[in-house]
Amino acid sequence: MWMLVMFDLPTDTKLQRKAATDFRNFLLDQGFERSQFSVYARFVNGKEAFRTRVNQIERNIPAMGDIQILNFTDRQYRDIIHFSDQGRRAPRRNPEQLVMF
């Protein structure tokens, strides 16, 4: 399953800009990839892993702003239609599953 974090954080003051940058860097450090400036995605292995990531994000949110977290299936993620520079991009590929014996 995938999780998508979308946020709108204030950047009026230097302190707010630092908080927004720190939050973006936190998401990158947690293995998220940037889809757009305020939209980050990450593959998680099930609902328990999703809840764990939500709890980690909750502990690191800035004092002000709006943050929304969505979860969806591999197939829904793969079916996202992406346009960039006025052209359609190839469908995204899901990461290979890690199998441990």
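Structure first, text after, so check above.
From a predicted model like this one, the values you see are computed outputs, not experimental measurements.

Definitions and cut-offs
- Residues numbered from 1 in each chain as written.
- Predicted model: local features only at pLDDT ≥ 70, side-chain atom pairs only at ≥ 80, totals over all residues.
- Heavy atoms only, no water.
- Helix = DSSP H or I, 4+ residues; strand = E, 2+ residues; numbered from the N terminus.
- Polar contact = N/O pair within 3.5 Å; in protein donor to acceptor, adjacent residues only side chain to side chain.
- Contact = heavy atoms within 4.5 Å.
- Pairing = 2+ DSSP bridges.
- Axes fitted to C-alpha atoms, helices over the stretch in contact; angles between N-to-C directions.
- Core = buried A, V, L, I, M, F, W, Y, C linked by side-chain atoms within 4.5 Å.
- Buried < 20%, exposed > 50% of the residue type's maximum accessible area, 1.4 Å probe, protein only.
- Salt bridge = Lys/Arg side-chain N within 4 Å of Asp/Glu carboxyl O.

**Some remarks on the side chain of Q16**
Link 1 in the chain: With respect to the helices, strands and loops of the structure, Q16 is situated in helix 1 (residues 14-29).
Link 2 in the chain: Within the structure, the side chain of Q16 is placed 2.9 Å from the backbone nitrogen of D12, a separation counted as a polar contact.
Link 3 in the chain: When neighbours within four sequence positions are excluded, Q16 is seen to be in contact with P10, T11 and M64.

**Structural notes on the side chain of Q56**
Link 1 in the chain: Locating Q56 in the fold gives a position in helix 2 (residues 47-59).
Link 2 in the chain: Look past the residues within four positions of Q56 in its chain and what remains in contact with it is F26 and Q30.

**Comments concerning the sheet that holds strand 1 (residues 2-8)**
Sheets are built from strands paired through backbone hydrogen bonds, the pairs being either parallel or antiparallel.
Link 1 in the chain: Spatial strand order, 2-3-1-4: four strands in an open sheet with antiparallel pairing. Lying at the two open borders of the sheet, with one neighbouring strand each, are strand 2 (33-36) and strand 4 (66-72). Averaged over all pairs of adjacent strands, the angle between strand axes in this sheet comes to 25 degrees, irrespective of strand direction.
Link 2 in the chain: Here strand 1 runs beside strand 4; their pairing, made up of seven bridges, is antiparallel. From the neighbouring strand, F7 faces strand 4, where its bridge partner is I67.
Link 3 in the chain: Packing of helix 1 onto the sheet brings it into contact with strand 1, strand 3 (39-43) and strand 4, and relative to strand 1 it is tilted by some 170 degrees.

**A look at the nonpolar core**
Nonpolar side chains in soluble globular proteins generally cluster together in the buried interior.
Link 1 in the chain: Within the largest apolar cluster, 14 residues are counted, with the highest numbers of intra-cluster contacts made by M3, V5, F7, F23, L27, F32 and I57.
Link 2 in the chain: Only strand 1, helix 1 and helix 2 provide two or more residues apiece to this core.
Link 3 in the chain: Tallying contributions element by element places helix 1 first for this core, with four residues.
Link 4 in the chain: If near-sequence neighbours (up to four positions away) are discounted, F23 is found in contact with V5, F7, L9, I57, N60, I61, P62 and I67.
Link 5 in the chain: Counting seven residues, the second-largest nonpolar core is a separate cluster that includes V39, A41, F43 and Y77.

**Brief notes about the pattern of salt bridges**
Link 1 in the chain: According to the stated counting rule, one finds four salt bridges in the structure shown.
Link 2 in the chain: The residue D22 makes a salt bridge to K18 at a minimum N-O spacing of 2.8 Å. You can see D22 and its partner K18 sitting in helix 1, four residues apart, about one turn around the helix.
Link 3 in the chain: Overall, D22 belongs to the partly exposed group, its relative accessible area being 39%.
Link 4 in the chain: Residue R78 is joined to D79 by a salt bridge in which the shortest nitrogen-to-oxygen separation is 3.8 Å.
Link 5 in the chain: On the basis of relative accessibility, which here comes to 44%, the residue D79 falls in the partly exposed class.
Link 6 in the chain: One salt-bridge network, held together by shared partners, links R75, R78 and D79.

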